[in-house]
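In case you want the letters, here they are:
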Amino acid sequence: MELRQVARDELRSVHEARIATWRTAYRGIVPDAYLDALALTDEMMANIEARYDEGSARTVAAWDDRTAVGMAVAGPCRDEDRAGEQELYALYVLPSHWGTGLGGLLWDAVMPFTSLWVLADNARARAFYARRGFRPEALKQITFGGDLTEVRYVLA
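Residues numbered from 1 in each chain as written. Predicted model: local features only at pLDDT ≥ 70, side-chain atom pairs only at ≥ 80, totals over all residues. Heavy atoms only, no water.

Trainee: Just to check I follow, could you spell out helix α5 (residues 123-131) for this structure?
Mentor: Given 3.6 residues to a turn, an α-helix orients residues that are three or four positions apart in the same direction. Ala-125, Phe-128 and Tyr-129 are the residues of α5 that are buried. On an axial view of α5, the arc spanned by its buried residues comes to 95°, and they lie on one face. Those residues of α5 that are exposed and angled more than 90 degrees off the buried face are Ala-123 and Arg-131. Looking at the buried side of α5, the elements it contacts are β4 (86-93), α4 (102-110), β5 (115-119), β6 (134-143) and β7 (147-155). Note on α5: the residue one or two positions beyond its end, Gly-133, has a positive phi of about 90°. (Buried < 20%, exposed > 50% of the residue type's maximum accessible area, 1.4 Å probe, protein only. Helix = DSSP H or I, 4+ residues; strand = E, 2+ residues; numbered from the N terminus. Arc of directions from axis to C-beta. Contact = heavy atoms within 4.5 Å.)

Have a look at this one:
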């Protein structure tokens, strides 16, 4: 297993792993039709590449024999009330690697950050964040295949 910064030409592979993880991690939380239709479109890739080129975020991936099996992204906090801080944008590990400690390694690789958003019904992720000293602090409603609630976790 290798953990390292993601090169621009590896972004598609990394985000394909993210979508594969969503299909399992969010099943029962996000509508099935939305998850089943997920695809890494050219428009999505253009947005991902533009953010990468901007250079403000750190993207680290875990590789198992040239296959992306996990990823984490952190960068400037998007919330006005936490301006100047860092936020975890994404942390995903393929289900085949759940329980291996890979999530913790990716977490450490993109630290430091002081906040993150997680779907309220994602009990597995919320427990992971709580074990690392983060606590729920705010709620917001989002549309992500349906109306959902996100919880902002902050470093306690």
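Don't stop here, the text continues.
Trainee: I tried to follow the packing of aromatic side chains on my own but got confused; where do I start?
Mentor: One pair of aromatic rings is described through two measures. These are the centre distance and the angle between the planes. Enumeration over the complete set of coordinates arrives at 13 aromatic pairs. When the ring of Phe-113 is compared with that of Phe-134, the centres are 5.7 Å apart and the planes differ by 45°; the resulting orientation is tilted. Of this pair, Phe-113 sits in the loop between α4 and β5 while Phe-134 sits in strand β6, placing them 21 residues apart in sequence. Residue Phe-113 is classed as buried on the basis of its relative accessible area, which comes to 2%. Each ring, one from Phe-128 and one from Tyr-129, has its centre 5.7 Å from the other, and the planes form 75°; the classification is edge-to-face. (Phe/Tyr/Trp six-rings, centres within 6.5 Å; stacked < 30°, edge-to-face > 60°.)

Trainee: For this particular structure, what's the right way to read the side chain of Arg-152?
Mentor: One can find Arg-152 in strand β7. Side-chain polar atoms of Arg-152 contact the side chain of Asp-81, separated by 2.8 Å. Discounting residues that sit within four places of it in the chain, Arg-152 has contacts with Asp-79, Asp-81, Arg-82, Ser-115, Leu-116, Trp-117, Arg-135, Pro-136, Glu-137 and Ala-138. (Polar contact = N/O pair within 3.5 Å; in protein donor to acceptor, adjacent residues only side chain to side chain.)

Trainee: What exactly am I supposed to notice about the sheet that holds β4 here?
Mentor: Read from one edge to the other, the open sheet built from seven strands follows the order β1-β2-β3-β4-β5-β7-β6, with strand pairing classed as mixed. A single partner strand is all that each edge strand has here, and the edge strands are β1 (2-5) and β6. Taking the axes of each pair of neighbouring strands and ignoring which way they run, one obtains an average angle of 25° across the sheet. Lying on the sheet, α4 is in contact with β1, β2 (58-64), β3 (67-76), β4, β5 and β6; it crosses β4 at an angle near 155°. Against the sheet, α5 engages β4, β5, β6 and β7, with an angle of about 155° to β5. (Pairing = 2+ DSSP bridges. Axes fitted to C-alpha atoms, helices over the stretch in contact; angles between N-to-C directions.)

Trainee: Explain the environment of Asp-53 here, please?
Mentor: You can see Asp-53 is positioned in helix α3 (residues 42-54). On the basis of relative accessible area, Asp-53 is assigned to the partly exposed category, the value being 47%. Sequence-wise, Asp-53 and Ala-39 are 14 residues apart; in three dimensions their C-alpha atoms are separated by 22 Å.

Trainee: Teacher, can you tell me more about the pattern of salt bridges here?
Mentor: Opposite charge on two side chains permits pairing when their charged atoms draw close. A complete count under the given rule lists 13 salt bridges for this structure. Taking the shortest distance from any N to any O, the salt bridge between Glu-85 and Arg-82 comes out at 2.9 Å. Glu-85 gets classed as partly exposed once you look at its relative accessible area, which sits at 27%. (Salt bridge = Lys/Arg side-chain N within 4 Å of Asp/Glu carboxyl O.)

Trainee: I tried to follow the pairing of β3 on my own but got confused; where do I start?
Mentor: The two faces of the sheet receive side chains in turn, since in a regular strand these alternate between them. For β3, a buried count of eight out of 10 residues is recorded, marking the element as mostly surrounded by other parts of the structure. Relative to β3, β2 runs antiparallel, the two being bridged by seven bridges. Residue pairing across strands places Thr-59 opposite Val-73, the latter belonging to β3. Once β2 ends, the chain turns through two residues before running back antiparallel as β3, passing Asp-65 with a positive phi of about 50°. Both β3 and β4 contribute to a ladder of seven bridges, which runs antiparallel.

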